[in-house]
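Below are the chains, spelled out letter by letter.
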Amino acid sequence: MASLSLRNIYKRYPGGVTAVSDFNLEIKDKEFVILVGPSGCGKSTTLRMIAGLEEISDGELYIGNKLVNDVAPKDRDIAMVFQNYALYPHMTVFENMAFGLKLRKTPKDEIKKRVAEAARILDIEHLLDRKPKALSGGQRQRVALGRAIVREPQVFLLDEPLSNLDAKLRAQMRTELSKLHQRLGTTFIYVTHDQTEAMTMADRIVVMKDGVIQQVDSPQKLYAEPANVFVAGFIGSPQMNFIDAMLFEKDGKMYVEFGSEDTKNRRGKKFQVELPESKLKNPEIKNYVNKEVIVGVRPECIHDEEMFLASATTGFIDCVVEVTERMGAETYLYLNCEGTSLTARVSPRNTSRAEDEIRMAIDPQKVHIFDKETEKIIIN
């Protein structure tokens, strides 16, 4: 098996377009790393550079301890699974899975053994005589994985392999892929735009935007400690709420304040959240007093429970419900809070309807503060 090292990797196309900029990443042996980001962020280009299907414009790529910038794709000891499966329609499942081994002049007995083992792992032994057109999307996906497994590569590269499947099958295949990774004990590098896939399967996630790495971390750390507004908004569903607020100090305590105020007509309301001591460890916060900041709060950290409201001393907000989405195990409330749109994830027991006026509270322990200009994190 193998580790990978990507050092100062760039991809530039003719015409001055830079698809990937200064990409640095160390991938450990047997790690499951997922590159995630919106369309056009450079994640598939990065994967194709690792595969050797795209030339690296600048930088160095090591697989194990070997520099592979100029090594042909077939000699890199990697296997790639594509989004469209890329199966040969005129060949049976067995022939599709065996094709790469035949090209390498692998003995027939060895081919049979490897295909049978891969088919057993993927539960497609009963499909070996069928052709791709007689298979469902999920079965084709398994065959594409099987074709990669039989090669026993050092590294698996997977480019949005689940995007063509329906929601139920996608969830099932996520579990299957996690099990497969554990069973094979191989390095997996996986590309997706779906943050749910990234959160559920990865050991580490690489969040990309405009060809640049925004943050590399474990799923939980990305969720709890985002590096900037982009990461905070991209990871998590429904996404984090962002509130334009003013940071101020009063009687030795720090507050963020937002809302509207119409003093002439005595309308509007300002809401304040006192920042707890645990949030003030970063001395840089002092530089933002009396300045605008962005407050981030996850939907599950806006509470409607009586117990929370009764014990809360700060963070109360009065909202108008605009839309209610009942999801079964939970309910999403889409709220208007003095012109600020917020989403709250609450208990399915909540009975709020559109146009209801309700009081809720933001958990001050769970707020994030971002710099308004750079959008970088100040307080997690």
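Located above this text is the structure these notes cover.
This is a predicted model, so every value here is computed, not measured. All residue numbers here refer to positions counted from 1 along the written sequence of the relevant chain. Residues qualify for local features only when their pLDDT is at least 70, as the model is predicted, and side-chain atom pairs are given and counted only at 80 or more; totals for whole chains, interfaces and linings, by contrast, use all residues. Calculated side-chain values reflect all of the structure's heavy atoms, with hydrogen atoms and water omitted.

A. Local environment of the pairing of strand 18 (residues 340-346). Burial here depends on accessible area, computed with a 1.4 Å probe over protein chains only, as a share of the maximum for the residue type. Under 20% is buried, over 50% is exposed, and the range in between is partly exposed. Under the DSSP-based scheme used, a helix requires at least four consecutive residues in state H or I and a strand at least two consecutive residues in state E, with every element numbered from the N terminus. The buried count for strand 18 comes to 5 of 7 residues, which makes it a mostly enclosed element. Being paired, for any two strands, means DSSP has found at least two bridges between them. Here 7 bridges tie strand 17 (residues 331-337) to strand 18, and the two strands are oriented antiparallel to one another. Bridge assignment links Thr-331 to a residue of strand 18, and that residue is Val-346. The hairpin turn running from strand 17 into strand 18, its antiparallel successor, is 2 residues long, and Glu-338 in that turn takes a positive phi close to 50°.

B. Spotlight on the nonpolar core. Among the nonpolar cores identified, the biggest contains 48 residues, and Met-97, Leu-145, Leu-158, Leu-177, Leu-180, Tyr-190 and Val-207 are the most heavily contacted of them. For this core, the element with the highest residue contribution is helix 3 (residues 108-122), accounting for 6 residues. Dropping the residues within four chain positions of it, Val-207 is found in contact with Val-36, Val-212, Ile-213, Gln-214, Gln-215, Leu-222, Phe-230, Val-231 and Ile-235. The next biggest cluster of nonpolar side chains, apart from the first, holds 32 residues, and it includes Ile-243, Leu-247, Met-254 and Ile-302. Remark: nonpolar core denotes a set of buried residues (Ala, Val, Leu, Ile, Met, Phe, Trp, Tyr, Cys) joined through side-chain atoms within 4.5 Å. Throughout, a contact is declared for two residues whenever any of their heavy atoms are within 4.5 Å.

C. A look at the packing of aromatic side chains. For this analysis, a ring pair means two rings from Phe, Tyr or Trp (six-membered ring only for Trp) whose centres lie within 6.5 Å, classed as stacked if their planes differ by under 30 degrees, edge-to-face if by over 60, and tilted for the remaining angles. Within the structure shown, the criterion is met by 8 aromatic pairs. When the ring of Phe-230 is compared with that of Phe-234, the centres are 5.7 Å apart and the planes differ by 20°; the resulting orientation is stacked. Taken together, the positions of Phe-230 and Phe-234, both in helix 8 (residues 229-234) and 4 residues apart, correspond to about one turn of that helix. Of the residues examined, Phe-234 reaches a relative accessible area of 18% and is grouped as buried.

D. Examining the pairing of strand 19 (residues 357-362) more closely. Examined bridge by bridge, strand 15 (residues 302-303) and strand 19 share 2 bridges and lie antiparallel to one another. Counterpart to His-303 in the pairing with strand 19 is Ala-361. Bridge count for strand 16 (residues 316-326) against strand 19 is 5 bridges, and the pairing is antiparallel. In the sheet register, Asp-318 faces strand 19, and the bridge partner there is Arg-359.

E. Summary view of the environment of Tyr-88. Take Tyr-88: it is sitting in the loop between strand 6 (78-81) and helix 2 (93-103). For the pair Tyr-88 and Lys-133, spaced 45 residues apart in sequence, the C-alpha separation works out to 10.0 Å. Apart from residues no more than four positions distant in its own chain, Tyr-88 is found in contact with Asn-96, Phe-99, Pro-132 and Arg-147.

F. Structural context of the sheet that holds strand 1 (residues 4-13). Strand order in this open sheet of 4 strands is 2-1-4-5, and the pairing throughout is antiparallel. Sheet topology places strand 2 (17-27) and strand 5 (66-67) at the edges, where each strand pairs with a single neighbour. As paired strands, strand 1 and strand 4 (residues 58-63) are joined by 5 bridges and run antiparallel to one another. The partner of Leu-4 across the bridge, within strand 4, is Ile-63.

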